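Report on the structure
In case you want the letters, here they are:
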Amino acid sequence: MTLSRRNFVVSSLAVSARSLLHPGMSPQAVAGGKLPIIVSAANGYNYLDEAYSFLSGGGDTLDAALKVVQGPENDPNDQSVGLGGHPNEEGVVELDACSMHGPTRTAGAVGGVRNIKNVSLLSNAVRLHTGHVMLVGEGAERFAVAQGFPRENLLTDKSRKEWLLWKAAHSAWWGPGISSPEWRAPNARQAHADRWESEIGRLNQLAADIGIVPGLRAEAIRNVIFPPTGTIHCSALNRKGEISGCTTTSGLAWKIPGRLGDSPIIGAGCYTDQDIGSAGATGSGEENIKVAGAHTIVENLRRGMPPREAGLEALRRIVRNYNGDRDRLQFVDMVYYILRKDGAYAGVSLWEGYADNGDKPHQIAVHDGEKRLEKTVSVFAGRSHEWPPMPR
Ligand code: ASP
């Protein structure tokens, strides 16, 4: 694990405050695109082929999008969605999802759901089998069981151990106490510059005590210091011009129990209007809720903005909420996925990528007969940093 990410003064941030679009990204369609087409978050890439052939064969657009997002939901190694998702601060996985079916203009959503892996399908069941749009918590779980969804333990060993490490790192009471031979006295006189290195050393030792194998320790420590985000959105459009979208997530790692982000909020994490198009989001849920991101983008499309501009305008609202203050905005990450009814699409982001994700840029996954990943167009050059900054 490198410490360079601590250098929050990113030299590449020297972009004029007036130039809010970072140029030079890969071209994305602005005139109508090929149909059918699926646009999703990058973690949907491996599941696009099956969904695309289903859609091409006449399958329903929402069912196609749900096929994509179920992939990460079922994958215990994707720690941002479904099974294996990072738990809340009490060690309980709580999942959120929503779906919108364009052709019937119907929607369903669930929030804070425990013990049910496929919450995207559960949001669809709310849409299909209730007169409501949103169910949360225990009621949503009971509804799932009534609909035949299996209850299962969603906390994998890997996520559990990372949560234990997070507890030990942040609490006076978790981890070795003063009577334990493992306890080490804190060095109160330590220079500020050394504190970071010593914090990493302490976390390494705690990770070893918890039984996290050496190969997974750097990742676990990173996830403790920078609580990761991650989610999947997918929108699908068929040859008839029918369009749908869905979003599913385990939300922010180590969140306060009961916290809902943007993902289950119709109009924030996902919004689809059969007349116009579909949009979805991954990233800082709290910021996206405040600008009703997906709805704002679809309304921008309605007013004639091309997909890229529609998304960038929503991102600029987030920038405006902080008066452009990059000391704060460096901790905000946001990616929008936009699909217009004629097949034009775009992926836009606030930053080019995460600092904690090496050189990997933000990408969207697209399948319109050819499956590919494309870089997003970003408002700012440079990378975001996970919140909260540590050590405090
Ligand atoms: N938007 C999600 C949330 O706030 C997290 C993410 O997309 O990374 O729960």
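Residues numbered from 1 in each chain as written. Predicted model: local features only at pLDDT ≥ 70, side-chain atom pairs only at ≥ 80, totals over all residues. Heavy atoms only, no water.

1. Brief notes about the site of the ligand
Around the ligand sit T229, G230, T231, G251, L252, R259, G261, D262, S263, T282, G283 and G285, and that is every residue in its neighbourhood. Note that an oxygen atom of the ligand is positioned 2.7 Å from one of the backbone N or O atoms of G283. Interatomic distance of 3.1 Å between a backbone N/O atom of G285 and an oxygen atom of the ligand. Looking at the shell around the ligand residue by residue, the classes come out as one nonpolar, nine polar and two charged. (Near = heavy atom within 4 Å. Polar contact = N/O pair within 3.5 Å; in protein donor to acceptor, adjacent residues only side chain to side chain. Nonpolar A, V, L, I, M, F, W, Y, C, P; charged D, E, K, R; others polar.)

2. With respect to empty space enclosed by the protein
Going through the model one piece at a time under the given rule, you end up with one cavity of 30 Å³ or more. Of the volumes computed, that of the largest cavity is approximately 70 Å³. Of the residues in the lining of the largest cavity, the class split is one nonpolar, nine polar and two charged. (1 Å grid on protein atoms, 1.4 Å probe; cavity = no way out; pocket = protein on both sides within 12 Å on 5 of 7 lines; lining within 4 Å. Points joined across faces, edges and corners; volume = space filled by probe spheres on them.)

3. Looking at the environment of A314
Along the chain, A314 turns up in helix α10 (residues 307–321). Residues A314 and N288, 26 residues apart in the sequence, show an inter-C-alpha distance of 8.9 Å. Excluding residues within four positions of it along the chain, A314 makes contact with V291, G293, T296, I297, N300 and Y336. (Helix = DSSP H or I, 4+ residues; strand = E, 2+ residues; numbered from the N terminus. Contact = heavy atoms within 4.5 Å.)

4. As for the sheet that holds strand β12 (residues 363–367)
One open sheet accounts for eight strands, arranged β4-β3-β2-β6-β5-β1-β12-β13; its pairing is mixed. In this open sheet, the two strands that pair with only one neighbour each are β4 (134–136) and β13 (371–375). Sheet twist, expressed as the average angle between the axes of neighbouring strands with direction ignored, equals 10 degrees. As defined by bridge partners, strand β1 (residues 37–41) adjoins β12 across four bridges and the pair is classed as antiparallel. Within β12, the position partnered with V39 by the bridge is V366. Helix α2 (residues 61–74) rests against β1, β2 (95–101), β5 (232–237) and β6 (243–249) of the sheet, and its axis sits at about 155 degrees to β5. (Pairing = 2+ DSSP bridges. Axes fitted to C-alpha atoms, helices over the stretch in contact; angles between N-to-C directions.)

5. Observations concerning the sheet that holds strand β14 (residues 377–378)
What the five strands build is an open sheet, ordered β7-β8-β9-β10-β14; its pairing is mixed. Of all strands in the sheet, those bounded by a partner on one side alone are β7 (270–273) and β14. Examined bridge by bridge, strand β8 (residues 277–283) and strand β9 (residues 334–340) share seven bridges and lie antiparallel to one another. Each residue of the ladder has a partner; that of G283, found in β9, is M334. This element, α10, spans β9, β10 (345–349) and β14 of the sheet and lies at about 150 degrees to β9.

6. Section: a nonpolar patch on the surface
On the surface, V133, M134 and V136 cluster together into a nonpolar patch covering about 230 Å² of accessible area. With respect to the secondary-structure elements, V136 resides in strand β4. (Patch = residues over 30% accessible without salt bridge, like charges linked within 9 Å, V, L, I, M, F, W, Y side chains within 5 Å. Areas by Shrake-Rupley, 256 points an atom, 1.4 Å probe, with all protein chains shown as cover. Salt bridge = Lys/Arg side-chain N within 4 Å of Asp/Glu carboxyl O.)

7. Describing the pattern of salt bridges
Counting across every chain of the model gives 24 salt bridges. For D157, the salt bridge identified is with R160, shortest N-O distance 2.8 Å. One end of the pair is D157 and the other is R160, both in helix α5 (residues 157–170) and three residues apart, which spans about a single turn. Its salt-bridge partner being R340, residue D342 comes within 2.8 Å of it at the nearest N-O pair. Overlapping salt bridges, with partners in common, bring together R105, D273, D275, E299 and R302 in one network.

8. A few points about unusual backbone geometry
In the segment running from L35 into P36, the intervening peptide bond is cis, with an omega of -5 degrees. Following the sequence through the fold, P36 ends up in the segment before β1. At W254, a residue that is not glycine, the phi angle is positive and equals roughly 65 degrees. Mapped onto the fold, W254 is located in the loop between β6 and β7. Of note, A292 is a non-glycine position whose phi angle comes to about 40 degrees, a positive value. Looking at the secondary structure, you find A292 in the loop between α8 (285–290) and α9 (293–302).

Such coordinate-based values are descriptive only and should not be taken to indicate function.
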